[in-house]
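Structural overview
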Amino acid sequence: MLVPLDAEQVRLDAAFVALDERARTLPTSPVDALAEAQHALYLAPNEVIRAYLAQLHVEETVSMPGHCGSTPA
């Protein structure tokens, strides 16, 4: 069973993998799928940010409660 921080780290890693994949495949996207591929790449950094903030929240409130002035929710 994954502890909350491990689960969030898995999500963050997956977001980075998705960003990398979308960036690498964009140049070879067919013309009829280019707009969709561009939109997916546009959204990918936001997914990374979301996953990072979720991971950071768990780290500060679950893994290290009482540190940095944060308390468990």
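The written sequence of each chain sets the order in which its residues are numbered from 1. Note on the predicted model: pLDDT of at least 70 is required for a residue's local features to be given, and 80 or more for side-chain atom pairs to be given and counted; whole-chain, interface and lining totals, by contrast, use all residues. Side-chain measures here rest on the full set of heavy atoms in the structure, leaving out hydrogens and waters.

1. A closer look at the overall build of the protein chain
Helical segments are the DSSP runs of H or I of at least four residues, strand segments are the runs of E of at least two, and each set is numbered from the N terminus. On a plain count of helices and strands, the protein chain comes out with two helices and zero strands. Burial analysis of the protein chain (73 residues in total) assigns 19% to the buried set. For this analysis, residues touch if any pair of their heavy atoms sits within 4.5 Å. Taking contacts inside the protein chain between residues at least 6 apart in sequence as the whole, the part at least 24 apart equals 59%. To measure how exposed things are, a 1.4 Å probe is used in the Shrake-Rupley method; for residues, cover is taken only from the protein chains shown. Summed over its atoms, the accessible surface of the protein chain is roughly 5300 Å², and 63% of this surface lies on carbon and sulfur atoms. Partly exposed residues are those whose accessible area sits between 20% and 50% of the maximum for their type, while under 20% is buried and over 50% is exposed, using a 1.4 Å probe and protein chains only.

2. Let's talk about the packing of helix α1 (residues 4-25) against helix α2 (residues 34-63)
Where helices are involved, their axes are fitted lines through C-alpha atoms of the stretch in contact, as for all axes, and angles between N-to-C directions lie from 0 to 180°. Remark: α1 packs on α2, axes separated minimally by 8 Å, with the N-to-C direction vectors making an angle of 165°. Accordingly, the angle class assigned to the pair α1 and α2 is roughly antiparallel. The interaxial crossing formed by α1 with α2 has left-handed handedness. Residue type decides the class: Asp, Glu, Lys and Arg count as charged, Ala, Val, Leu, Ile, Met, Phe, Trp, Tyr, Cys and Pro as nonpolar, and the leftover types, Gly among them, as polar. The residue makeup of the contact of α1 with α2, split by class, is 17 nonpolar, three polar and five charged. Note on terminology: angles under 35 degrees are roughly parallel, angles over 145 are roughly antiparallel, angles of 65 to 115 are roughly perpendicular, and the others are oblique. A clockwise turn of the near helix away from the far one marks a right-handed crossing, whereas an anticlockwise turn of less than a right angle marks a left-handed crossing.

3. Overview of the environment of Leu12
Along the chain, Leu12 turns up in helix α1. In this structure the C-alpha to C-alpha distance between Leu12 and Leu53, which are 41 residues apart in sequence, comes to 9.2 Å. Discounting residues that sit within four places of it in the chain, Leu12 has contacts with Val48, Ala51, Tyr52 and Gln55.

4. Structural notes on the pattern of salt bridges
Any two side chains of opposite charge can pair, so long as their charged atoms come close to each other. In what follows, salt bridge is the name for a side-chain nitrogen of Lys or Arg lying within 4 Å of a carboxyl oxygen of Asp or Glu. Across all of its chains, the model carries three salt bridges by this definition. As a salt-bridge pair, Arg11 and Glu8 come within 2.7 Å of each other at their nearest N and O atoms. With Arg11 and Glu8 both in helix α1 and three residues apart, this pair spans about one turn of that helix. The class of Glu8 is buried, set by a relative accessible area of 12%. The partner of Arg22 in a salt bridge is Glu47, with the nearest N and O atoms 3.2 Å apart. Within this pair, whereas Arg22 is found in helix α1, its partner Glu47 is found in helix α2, the two being separated by 25 residues in sequence. On the basis of relative accessibility, which here comes to 25%, the residue Arg22 falls in the partly exposed class.

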